Amino acid sequence: MDDEGAYARAGGRLPGDPVPDPGLGDEPQPLPPPAPPSRRRTGYGRAFVHALPVLLIAVAILYDIFTPRYFTAGPLYTAAPLIAAPLYSRRGTALTGVAVVAAVIGLQLGKGVIHYVDSLTELITIATVAVLAVIVNGLVRRSSERLVSVREIAEAAQRAVLPQPAERIAGFEIAVCYEAAQADAFIGGDLYAVQDSARGVRLIVGDVRGKGMGAVAAVAVVIGAFREAAEQEATLEAVAQRLERALAREGTRRDGLDAFEGFTTAVLAELPHGGGTVRIVNRGHPPPLLLYADGTLGPLPARESALPLGMGELGVWPDRAEEAAFPGGATLLLYTDGLTEARDAKGEFYDPQARLAGRVFAHPRTLLDTLAEDVRRHSGGGMADDMALLAVRRPRRGDHDHCHEP
C-alpha cells in the first residue's frame, strides 16, 4: 500500500486535492497551487536588492556608533545612493542621498569630529556621490524609456509580420507560439501563417536561413506570397511552387552570400472543409506530428525528400502532396527545428515524440503552453535557436468551445 493512498483513504487530503467550501454547498473548491520555488526565490532576491540601500545605511550608522571615532563607514554610505540609482525613482534616489548625508553629519556632530579635515573630506565625497547618483538615475530612466519604446516597436513588427491567427477558423481550433532564442527579441527567421480558402484551411510553418533583419525580410516575403497563393492556387503543390518563385525573385535583390545560399525550409498543410484528412507538402522541414484523441501520436514524414524553398535551381523535384487521416479529436502539430535542437545540460536533444506520447490535450493552446514550458525546462532557458509552433485540432462531433487542462 503506497503512502499517498493510505493517507487519502484515512480521510486526509494531499496538496492540490479539492476541499469543500461550506459557503458553496458540496461543490469542491481546488486549492490554489503553490508558487514554484524558483519564483519564490526570485521574489525574495528582488525584495532584498530593493531594500539594500536602506540596509547599508543602517549598517553604516551602527558601525559608526559602536566603533572608535577614527573608524569610518564611508564606503557603505557612498554605496547606498549608487545602488539606489538604478532601482528607485528619482525622488527615491534623492531621498536616499539626503538620508546618507544627514546621517553622516549627525554622527560627526555626535562624535565631535565634524571640524576635522578628514571628516569634512568624507562628507563632501559622500554628498558628491549622492548628487552623481541622482544624475545616474536620470540616465537609467531615459535608457529604460528607450528600451520600452524599442520593445513596443518590436511587438508591433511581430504583429505585422506574424499576425496572430483566430482561435477558430472554419471549425478548426488553432493556436500558435513563438519563442525567440535571443533575449528580448520578438521575431527572427521562423514563421507561421494560417489562411482559409475555398479549398480548405491552408497552413505553413517555416524557417528562413540566416539571422537579423535579412531573415525578417525573407519571412515577410514568404508569408505575403503564401497568403496570396493560398487564396488563388488550386493545389497545395502550386502554392509551394509560388513560394519558390517568390524566394527566387527575392534572391536576385540580395547581394553577397545571401544571394546564393538563401533558402527556407517549410512544411505546408491543407485541411479540406468537411473532410477528415490532411494534405502535406514538406520542403526540407521537420515532419509534423499528429496527436490522436487517445494519446497516441506519430510523425507524418515525407515519402520523398525535397529541397527547401529557394533552392529550386539546384534540381527539379515535382512537389507531391501526401495525404493522411485527420480524425476528430486529433491535433496536428507543426514546428521548427528550434524545438528538436533544444539541448539539456548533457547535450541531449529535445524529443517531442517521446515527451508527448500518451498525453491528451483538450485544446491546442494547452498543448503549446505545456510544450513551450517543457522545452524551457529541458534547455535551462537557454535555447540555441528560435522556435515556432502551430497546432490545429479537429473537434469531434458534439465538442463545444473549451480550453481545459489535460
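Before reading further, recall that the structure is shown in the block above.
Here goes a summary of the coordinates provided. A quick note: this is a predicted structure, and the numbers were derived from the prediction, not measured. (Residues numbered from 1 in each chain as written. Predicted model: local features only at pLDDT ≥ 70, side-chain atom pairs only at ≥ 80, totals over all residues. Heavy atoms only, no water.)

### Observations regarding the overall build of the protein chain
When helices and strands are counted, the protein chain shows 11 helices and 13 strands. Within the protein chain, buried positions represent 41% of all 406 residues. Taking contacts inside the protein chain between residues at least 6 apart in sequence as the whole, the part at least 24 apart equals 69%. On the protein chain, roughly 22,200 Å² of surface is accessible, and the fraction owed to carbon and sulfur atoms is 58%. (Helix = DSSP H or I, 4+ residues; strand = E, 2+ residues; numbered from the N terminus. Buried < 20%, exposed > 50% of the residue type's maximum accessible area, 1.4 Å probe, protein only. Contact = heavy atoms within 4.5 Å. Areas by Shrake-Rupley, 256 points an atom, 1.4 Å probe, with all protein chains shown as cover.)

### Comments concerning the pattern of salt bridges
Evaluation of the coordinates by the stated rule reveals 17 salt bridges. Taking the shortest distance from any N to any O, the salt bridge between Arg202 and Glu270 comes out at 2.7 Å. Placement of the pair is Arg202 in strand S6 (residues 200-208) and Glu270 in strand S7 (residues 264-271), with a sequence separation of 68 residues. Note on accessibility: Arg202 and Glu270 belong to one class, buried. For the salt bridge of Arg376 with Glu373, the shortest nitrogen-to-oxygen distance reads 3.0 Å. Taken together, the positions of Arg376 and Glu373, both in helix H11 (residues 364-379) and 3 residues apart, correspond to about one turn of that helix. Owing to a relative accessible area of 33%, Glu373 belongs among the partly exposed residues under this scheme. (Salt bridge = Lys/Arg side-chain N within 4 Å of Asp/Glu carboxyl O.)

### So, the sheet that holds strand S8 (residues 277-283)
Taken together, 5 strands build an open sheet; the order of strands is S5-S6-S7-S8-S11 and the sheet is antiparallel. The outermost strands of the open sheet, each flanked by one partner alone, are strand S5 (190-197) and strand S11 (322-325). In this sheet, adjacent strand axes meet at a mean angle of 20 degrees when their direction is disregarded. With 8 bridges joining them, S6 and S7 adopt antiparallel strand pairing. Looking at the pairing, Val208 lines up with Thr264 of S7. (Pairing = 2+ DSSP bridges. Axes fitted to C-alpha atoms, helices over the stretch in contact; angles between N-to-C directions.)

### Regarding the nonpolar core
Leu203, Ile204, Leu268, Leu332 and Leu390 are the most contacted members of the largest nonpolar core, which has 49 residues in total. Top element by residues in this core is helix H6 (residues 212-232). It accounts for 9 residues. Leave out the neighbours within four places in its chain, and Ile204 touches Leu191, Tyr192, Ala193, Val222, Phe226, Leu243, Ala266, Val267, Leu268 and Leu390. Leu371, Val375, Met383 and Leu389 belong to the second-largest nonpolar core, a separate cluster that totals 21 residues. (Core = buried A, V, L, I, M, F, W, Y, C linked by side-chain atoms within 4.5 Å.)

### Here's the deal with the packing of aromatic side chains
Tallying each qualifying case throughout the model produces 1 aromatic pair. Plain terms: the ring middles of Phe172 and Phe326 are 6.5 Å apart, the flat faces sit at 0 degrees to each other, and that makes the pair stacked. Of this pair, Phe172 sits in strand S4 (residues 172-179) while Phe326 is found in the loop between S11 and strand S12 (331-335), placing the two residues 154 residues apart along the sequence. (Phe/Tyr/Trp six-rings, centres within 6.5 Å; stacked < 30°, edge-to-face > 60°.)

### Some words on the sheet that holds strand S3 (residues 168-169)
A sheet is described by the order of its strands in space; here 6 strands give the open sequence S3-S4-S13-S12-S9-S10, paired in antiparallel fashion. The sheet is open, and its two edges are formed by S3 and strand S10 (297-299), each paired on a single side. The pairing of S4 with strand S13 (residues 387-393) spans 7 bridges and is classified as antiparallel. What sits directly across from Tyr178, in S13, is Ala388.

### Structural notes on unusual backbone geometry
The phi dihedral of Ala170 falls on the positive side, at around 50 degrees, and the residue is not glycine. When you line up the elements, Ala170 lands in the loop between S3 and S4. Ala170 gets classed as partly exposed once you look at its relative accessible area, which sits at 43%.

### Section: empty space enclosed by the protein
In this structure the tally under the stated criterion is 1 cavity of 30 Å³ or more. Empty space within the largest cavity amounts to approximately 180 Å³. Around the largest cavity sit 15 residues that line it, and Asn282, Glu304, Ala306, Arg320 and Glu322 are the ones nearest its centre. Top element by residues in the lining of the largest cavity is S8. It accounts for 4 residues. Here the residues of the lining of the largest cavity sort into 8 nonpolar, 2 polar and 5 charged. (1 Å grid on protein atoms, 1.4 Å probe; cavity = no way out; pocket = protein on both sides within 12 Å on 5 of 7 lines; lining within 4 Å. Points joined across faces, edges and corners; volume = space filled by probe spheres on them. Nonpolar A, V, L, I, M, F, W, Y, C, P; charged D, E, K, R; others polar.)

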